[in-house]
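Here is what each chain is made of, one letter per residue.
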Amino acid sequence: MEAPRTYRAVVLGAGAAGMMCAAHAGPGTLVVDHARAPGEKIRISGGGRCNFTNLGCTPERFLSANPHFCKSALSRYTQWDFIELVDRHGIAWHEKTLGQLFCDGRATAIVTMLRDEMAAAGAELRLSTEVIGVDHADGLFGVTLEREGRRERVEAPALVLATGGLSIPKMGATGLAYRIARQFGLGVGETRPGLVPLTFTGAVLEGLAALSGVAAPARVTTNGAGFDEALLFTHRGLSGPAVLQASSYWHEGAEITVDLDPEGRLLPALRAARASAGRRAPATILSEHLPQRLIAARAGEVAARVGDCADAALEALVARFRDWRLTPAGTEGYRTAEVTLGGIDTDGLSSKTMEARACPGLYAIGEAVDVTGWLGGYNFQWAWSSGWAAGTAI
Ligand code: FDA
């Protein structure tokens, strides 16, 4: 092998966090990725339009063993800072719903923006490059790389772990950040898939699968967290934003509660019909608020005319839609999960710089760290904020 080249910093992973970090770390930063292109998750995110941040980004919308850890980075590099960057690059955007900001055009504009920022900062990007191993001696990290069968060693006083989590292995997700973190004495907590569809078995699955394709607004609650968004029935169980959000709070064996009438319209509608149009069928009144297939599956035995229903009967009917309790068998796993919960323990990191307390020069950022956002642009904002925090500290 040739004599090692020395860099200011080596960033492992050219995803959202790694590119953001390199754009701020200054000249002489090397970014390494085994993929053929940088920022692949950015490219496919938000249906190809990248939900790049959220106007309502606050620390409460993140899960972590230490809920305070994310505060510093999120408050020093905010959604407004990223919006300013996007504006500076002339990328048009719009708010879709719930503060979620999307590109008007293709998500690749965000990747191009980050590549341009890295180039302007003097960072070097190496793609299709495997990380063979990392060592540390005399204040320098040594990284052995391999590209097209050729090995090379590079050295730097700073090493940034930005290879993300385990979600979507087909897209090149690996546990590299966790392995290197452990090698240098950092704790790595249990990981599990987050923002992921929930799966069911047996008779419950049969019932749900029969509704496959039906979508409805709902509140899905589990372990004290509830989300009002769309719910989608699938041939494996439940999906849609409300379920993906709840999945991050769900633990094996726990129940979820589905409320298909989160605004509480059904009971007043049935009572009003009973008073004014008692000959109408309860199912007909429900069909003004819910999909027909859902009513057929959930309404059960009920009088033919709403005028014949006592209050208790109407309440029982509505409860079948408002208090539907289900116990998932599991999730679709990392294959389809948008994020990985858990990961590198924040106890070992500075919340200001993302640097490992016990190993100066080692940084961990983005999804590899035990900070996971809600659905809706929060995970990219964490990648930008943590990447900026490390990049400006190097
Ligand atoms: P990221 O995964 O982006 O980057 C890690 C990089 O490391 C990759 O380029 C990978 O190739 C590289 N790497 C991994 N292992 C390596 C190894 N062994 N050697 C070398 N390189 C290695 N979030 C959001 O806020 N809004 C959204 O719209 C979406 N949409 C969305 C859609 C889908 C389908 C998914 C899967 C995820 C999202 N997300 C999202 C989540 C978001 O994509 C995610 O949180 C960030 O990309 C995390 O950024 P990181 O830079 O930490 O990891």
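Residues numbered from 1 in each chain as written. Predicted model: local features only at pLDDT ≥ 70, side-chain atom pairs only at ≥ 80, totals over all residues. Heavy atoms only, no water.

**Some points on the site of the ligand**
- In the neighbourhood of the ligand, 29 residues make up the surrounding shell, with Ala17, Asp33, Thr174, Glu367 and Phe380 lying closest.
- Here Ala17 contributes a backbone N or O atom positioned 2.8 Å from an oxygen atom of the ligand.
- At a separation of 3.4 Å, an oxygen atom of the ligand approaches a polar backbone atom of Asn379.
- In isolation the ligand exposes 990 Å². Once the protein is present, 92% of that is buried.
- Of all the elements in the fold, those that place two or more residues in the shell around the ligand are helix H1 (16–25), helix H2 (40–48) and helix H13 (378–393).
- Looking at the shell around the ligand residue by residue, the class counts come to 12 nonpolar, 13 polar and 4 charged. (Near = heavy atom within 4 Å. Polar contact = N/O pair within 3.5 Å; in protein donor to acceptor, adjacent residues only side chain to side chain. Areas by Shrake-Rupley, 256 points an atom, 1.4 Å probe, with all protein chains shown as cover. Helix = DSSP H or I, 4+ residues; strand = E, 2+ residues; numbered from the N terminus. Nonpolar A, V, L, I, M, F, W, Y, C, P; charged D, E, K, R; others polar.)

**A closer look at the nonpolar core**
- One finds Leu12, Ile110, Ile344 and Trp384 to be the most contacted residues of the largest nonpolar core, which totals 124 residues.
- A per-element tally of this core places H13 first, with 8 residues.
- If near-sequence neighbours (up to four positions away) are discounted, Ile344 is found in contact with Leu161, Ala177, Tyr178, Ala181, Leu186, Gly187, Val188, Leu349, Ala364, Ala368, Val369 and Asp370. (Core = buried A, V, L, I, M, F, W, Y, C linked by side-chain atoms within 4.5 Å. Buried < 20%, exposed > 50% of the residue type's maximum accessible area, 1.4 Å probe, protein only. Contact = heavy atoms within 4.5 Å.)

**Side note on the sheet that holds strand E4 (residues 51–54)**
- With antiparallel pairing, the 3 strands of this open sheet are ordered in space as E4-E7-E6. Edge positions in the sheet fall to E4 and strand E6 (93–95), since each has one partner strand and no second. Averaged over all pairs of adjacent strands, the angle between strand axes in this sheet comes to 30°, irrespective of strand direction. (Pairing = 2+ DSSP bridges. Axes fitted to C-alpha atoms, helices over the stretch in contact; angles between N-to-C directions.)

**Description of the sheet that holds strand E1 (residues 5–6)**
- An order of E1-E11-E10-E9 is seen for the 4 strands of this open sheet, with the pairing classed as mixed. The open sheet is flanked by E1 and strand E9 (130–137), the only strands paired with a single partner.
- In this structure, strand E10 (residues 140–147) lies alongside strand E11 (residues 150–156), joined through 7 bridges in antiparallel fashion. Residue Glu146 lies in a different strand from E11, and its bridge partner there is Arg151.

**So, the environment of Leu195**
- Summarising the element assignment, Leu195 is placed in the loop between strand E13 (192–194) and strand E14 (198–199).
- Among the residues examined, Leu195 registers a relative accessible area of 2% and is labelled buried.
- Expressed as a C-alpha distance, the spacing of Leu195 and Asp116, which sit 79 residues apart in the sequence, is 30 Å.
- When residues no more than four places from it in sequence are discounted, the contact partners of Leu195 are Leu244, Gln245, Ser247, Ser248, Thr336, Ala337, Glu338, Val339, Gly373, Trp374, Leu375 and Asn379.

**Remarks on the UniProt feature "domain: RsdA/BaiN/AoA(So)-like insert" (unreviewed entry) in the protein**
- Per the UniProt record, "domain: RsdA/BaiN/AoA(So)-like insert" (unreviewed entry) is found at residues 192–339.
- Summarising residues 192–339: 34% helix, 24% strand, and an end-to-end C-alpha distance of 9 Å. (UniProt positions renumbered as here; feature names shortened; annotations may be inferred.)

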